[in-house]
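Given next are the chains, with one letter for each unit.
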Amino acid sequence: MMRRFGDRATFAVELGETISPVLRVIDLWAAGKHMTTDDNVAFIPSFLRLIRPTATQVRQRDIPSCPFPGRSPEENYRLLHADETEFRERFWFMHWGETVDNLSCYAYLDEVLVIVFAFWRTTHPDLDDLGKIFVTKIEPEEFAVILQGAADAIEADSIRETT
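None of these values were measured; they are calculated from a predicted model. (Residues numbered from 1 in each chain as written. Predicted model: local features only at pLDDT ≥ 70, side-chain atom pairs only at ≥ 80, totals over all residues. Heavy atoms only, no water.)

Participant: What exactly am I supposed to notice about the pattern of salt bridges here?
Facilitator: If charged atoms from side chains of opposite charge come close, those side chains can pair. Inspection of every chain in the model, using the stated rule, returns 12 salt bridges. Linking Lys-33 and Asp-129 is a salt bridge whose minimum nitrogen-to-oxygen distance equals 2.9 Å. Taken together, the positions of Lys-33 in strand E4 (residues 33-34) and Asp-129 in the loop between strand E7 (112-119) and strand E8 (134-138) put the pair 96 residues apart, joining distant regions of the chain. Residue Lys-33 shares its accessibility class with Asp-129, and that shared class is buried. (Salt bridge = Lys/Arg side-chain N within 4 Å of Asp/Glu carboxyl O. Helix = DSSP H or I, 4+ residues; strand = E, 2+ residues; numbered from the N terminus. Buried < 20%, exposed > 50% of the residue type's maximum accessible area, 1.4 Å probe, protein only.)

Participant: Help me out: how do you make sense of the pairing of strand E6 (residues 103-110) in this one?
Facilitator: Taking burial as the measure, the 8 residues of E6 include 7 buried ones, the bulk of the element. The pairing of E6 with E7 spans 8 bridges and is classified as antiparallel. Bridge pairing links Asp-110 to Val-112 in E7. Where E6 folds back onto E7 in an antiparallel hairpin, the turn is made up of 1 residue, including Glu-111, whose phi is positive at roughly 70 degrees. (Pairing = 2+ DSSP bridges.)

Participant: How do you make sense of the sheet that holds E8 when you look at a structure like this?
Facilitator: Hydrogen bonds between backbone atoms are what pair the strands of a sheet, whose relative direction is either parallel or antiparallel. Spatially, 3 strands are ordered E6-E7-E8 in an open sheet, and the strand pairing comes out antiparallel. Strand pairing shows two members of the sheet lacking a second neighbour, E6 and E8, which therefore form its edges. Each strand axis lies, on average, 20 degrees off the axis of its neighbour in the sheet, ignoring direction. The strands touched by helix H2 (residues 73-82) within the sheet are E6, E7 and E8, with E6 carrying the most contacts at an inclination of about 120 degrees. (Axes fitted to C-alpha atoms, helices over the stretch in contact; angles between N-to-C directions. Contact = heavy atoms within 4.5 Å.)

Right, here's the structure in full:
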């Protein structure tokens, strides 16, 4: 049975089938786009180790402010993506392993959490998505609650399955 945390139109984590004690189907959505199109099977120990600090970081608003104020999110993405210095690394977001390595993703605070991303693999299943920049805006606390809720559910399910 699939359980969803959040809203696909903004940001959602969907927990699917448990494949083994350490592997589980996890689908991520943002801006109405399925982000985990290439690999939606997460190695749970690593996945939890990566998303929990992200939830804390966002909850504490420990995310940089808009890199190029006054510009659109799409333009911010383009400018960050073109930057080959360490500056852009400050904005890297959702580096959560193989499930999202088909994305170039950045985030910043501009009153809300702004997540901008693009699919980069030429094998992406929806070729119309290639070259497009997707944007979602979400309250930082809401984002953190979604991640924390999903992480807690994954952990609880893992404990239930081992007892």
